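Residues per chain are reported as follows:
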Amino acid sequence: MNRPTGRVLTLLELLQSGGLRTSAELADRLGVDTRTVRRYVDHLLDLDIPVESVRGRYGGYRLARGYRLPPLMLGDDEALAVLLGLLAGGRSGLTAALGPAGETAAAKIRRVLPARLADRLRNVLDTVAFTAAPDQDPAPDATVLLTVSDAVAGHRPIAVAYTDRGGVRTDRTLHPYAIVNHRDRWYIRALDPAIGEERSFRLDRITGVRTLPGSFEPPVGDGDPAQGLLTGFATADYRYEVTIRVQGTAEQIRTRFPASVAILNAVEEGGADDFAEGDSGRTARSGRRDRGDRGDRRGGESAPWQRLEIRAERLDWIPATLAALDLPFQIERPAELRDLVLALSERLALRARPGLA
């Protein structure tokens, strides 16, 4: 661009790349003298674009924070990255909290894309396939998300109107100390001072929030908020408390029972008997003793025993998951689960026989 307007826009792009730019550097990039650079800076100031002048031997120009967002100069790859990020965020629900803002931002960029970039973007959108439908879960309100984020950063208590999974609405005072995204849902980790416990709350179930006076001290220690969220899922107050011993490594077991589903601890005492008497007089086992070397690779006598602790509202999904895990196991409780596992094994054995359905 040789015309002054074009060079002013080029100056804005150079300043938006970050850092302090000297007058000599800018003059060289624009092909003008330093006095002309100063005139171009004045043009940007007239447009309310906040350019700071830094004096001294190592002085120059840089962009400062203003009261509104200045025009953004994006490179080709930057524009595509923003558009693809908005697309992915929209499908996952991450940008749904912003309402139509994500769609209008994408539309603004697409309208001004050069033809070659528009073609590249169209090629990406035409060739990408998704294995799941766009996320349909309700998104948190943008005002709620921003208010809670400010409270987390400033260690400020908040008052919220919260609706639990049973549809019961309550008014609570919380001390939020972290925001966690898990499987495209937003959660806050907070201390509930009314009960003196740390809890997790879904942001999309908060219908009103306001910041309260005062401050609080966040939890100390090496606790990981994300891990705390997963542990909370695994220990939630559901109908059944399930305990199962499994012979295998933690990595093997976690392929079927992730941290959001089960608590996993090593069994300190050595091993477990092939058959142990439980409260129903029988124990369901996976029967791996006759599988030789293959059993040793998957689990076998050399592998450690781990204890799975699961809280579940239903038990019907656990037998098939244990079968897919394909490791030796011993059910400690409840007795109903033993019956379900034995029933599944009998159905599988029946259907595997030739000529039977």
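## Notes on the overall build of the protein
Looking only at helices and strands, one finds 12 helices and 11 strands in the protein. Considering the protein as a whole, with its 357 residues, one finds that 35% of them fall into the buried category. Long-range contacts, defined here as pairs at least 24 residues apart, represent 66% of the contacts in the protein between residues at least 6 apart.

## A closer look at the packing of helix H1 (residues 4-16) against helix H3 (residues 34-46)
H3 packs onto H1 with a crossing angle of 80° between their chain directions and a minimal axis gap of 10 Å. The orientation of H1 relative to H3 falls into the category roughly perpendicular. Residues Pro 4, Arg 7, Val 8, Leu 11, Leu 12 and Leu 15 of H1 lie in contact with H3, whose contacting residues are Val 37, Tyr 40, Val 41, His 43 and Leu 44. Counted by class, the contact of H1 with H3 contains nine nonpolar, one polar and one charged residues.

## Points about the packing of helix H2 (residues 23-30) against H3
Across the interface, H2 lies against H3 with an axial gap of 9 Å and an inter-helix angle of 90°. Taken together, the axis directions place H2 and H3 in an arrangement best described as roughly perpendicular. Seen from H2, the contacting residues are Ser 23, Ala 24, Leu 26, Ala 27 and Leu 30; seen from H3, they are Thr 34, Val 37 and Tyr 40.

## Considerations on the layout of surface pockets
By volume, the largest pocket amounts to about 1,100 Å³. Looking at the largest pocket, it is lined by 31 residues, and the ones nearest its centre are Arg 165, Gly 232, Phe 233, Ala 236 and Tyr 238. At the level of elements, strand E4 (169-182), strand E5 (185-192), strand E6 (197-202), helix H8 (225-234) and strand E10 (305-312) are the ones that each hand at least two residues to the lining of the largest pocket. If you tally residues by element for the lining of the largest pocket, the top one is E6, at five residues. When grouped by side-chain class, the residues that make up the lining of the largest pocket number 11 nonpolar, six polar and 14 charged. Each pocket or cavity is described by its volume, and for the second largest pocket that value is around 590 Å³. Leu 72, Met 73, Leu 74, Ile 109 and Val 112 are, among the 20 residues lining the second largest pocket, the residues nearest its centre. Among the elements of the structure, helix H4 (76-92), helix H5 (101-111) and helix H6 (115-127) are those that each provide at least two residues to the lining of the second largest pocket. Among the elements that make up the lining of the second largest pocket, the one with the highest residue count is H4 (four residues). Along the lines of polarity and charge, the residues of the lining of the second largest pocket split into 15 nonpolar, one polar and four charged.

## As for the sheet that holds strand E3 (residues 158-163)
An order of E6-E5-E4-E3-E7 is seen for the five strands of this open sheet, with the pairing classed as antiparallel. Every other strand in the sheet has two partners, leaving E6 and strand E7 (206-211) as the edge strands with one partner each. Taking the axes of each pair of neighbouring strands and ignoring which way they run, one obtains an average angle of 45° across the sheet. In terms of strand pairing, E4 meets E5 through seven bridges, oriented antiparallel. Within the sheet, the bridge partner assigned to Ile 179 lies in E5 and is Ile 188. Those strands touched by H8 are E4, E5 and E6, and its axis lies near 120° from that of E4.

## Remarks on the nonpolar core
With 20 residues, the main nonpolar core has Val 242, Ile 244, Val 246, Phe 257, Leu 308 and Leu 337 as its most contacted residues. Only strand E8 (240-247), strand E9 (262-266), E10, helix H11 (318-325), strand E11 (329-333) and helix H12 (335-352) provide two or more residues apiece to this core. Judged by nonpolar contacts, the second largest core, of 16 residues, contains Leu 11, Leu 15, Ala 27 and Val 51.

## Focus on the pairing of E6
The side chains of a regular strand alternate between both faces of the sheet. Sheet topology note: the E5/E6 ladder contains six bridges and is antiparallel. Looking across to E6, one finds that Ile 188 is bridged to Phe 201. Counted between consecutive antiparallel strands, the loop separating E5 from E6 contains four residues, among which Gly 196 sits at a positive phi close to 70°.

## What about the packing of aromatic side chains?
The final tally for this structure, using the stated rule, is two aromatic pairs. Seen from their ring centres, Tyr 162 and Phe 201 are 5.1 Å apart, and the 90° between their planes marks the pair as edge-to-face. Of this pair, Tyr 162 sits in strand E3 while Phe 201 sits in strand E6; the two residues are 39 residues apart in sequence, bridging distant segments of the chain. Residue Tyr 162 shares its accessibility class with Phe 201, and that shared class is buried.

Rules behind the numbers
Residues numbered from 1 in each chain as written. Predicted model: local features only at pLDDT ≥ 70, side-chain atom pairs only at ≥ 80, totals over all residues. Heavy atoms only, no water. Helix = DSSP H or I, 4+ residues; strand = E, 2+ residues; numbered from the N terminus. Buried < 20%, exposed > 50% of the residue type's maximum accessible area, 1.4 Å probe, protein only. Contact = heavy atoms within 4.5 Å. Axes fitted to C-alpha atoms, helices over the stretch in contact; angles between N-to-C directions. Parallel < 35°, antiparallel > 145°, perpendicular 65-115°, else oblique. Nonpolar A, V, L, I, M, F, W, Y, C, P; charged D, E, K, R; others polar. 1 Å grid on protein atoms, 1.4 Å probe; cavity = no way out; pocket = protein on both sides within 12 Å on 5 of 7 lines; lining within 4 Å. Points joined across faces, edges and corners; volume = space filled by probe spheres on them. Pairing = 2+ DSSP bridges. Core = buried A, V, L, I, M, F, W, Y, C linked by side-chain atoms within 4.5 Å. Phe/Tyr/Trp six-rings, centres within 6.5 Å; stacked < 30°, edge-to-face > 60°.

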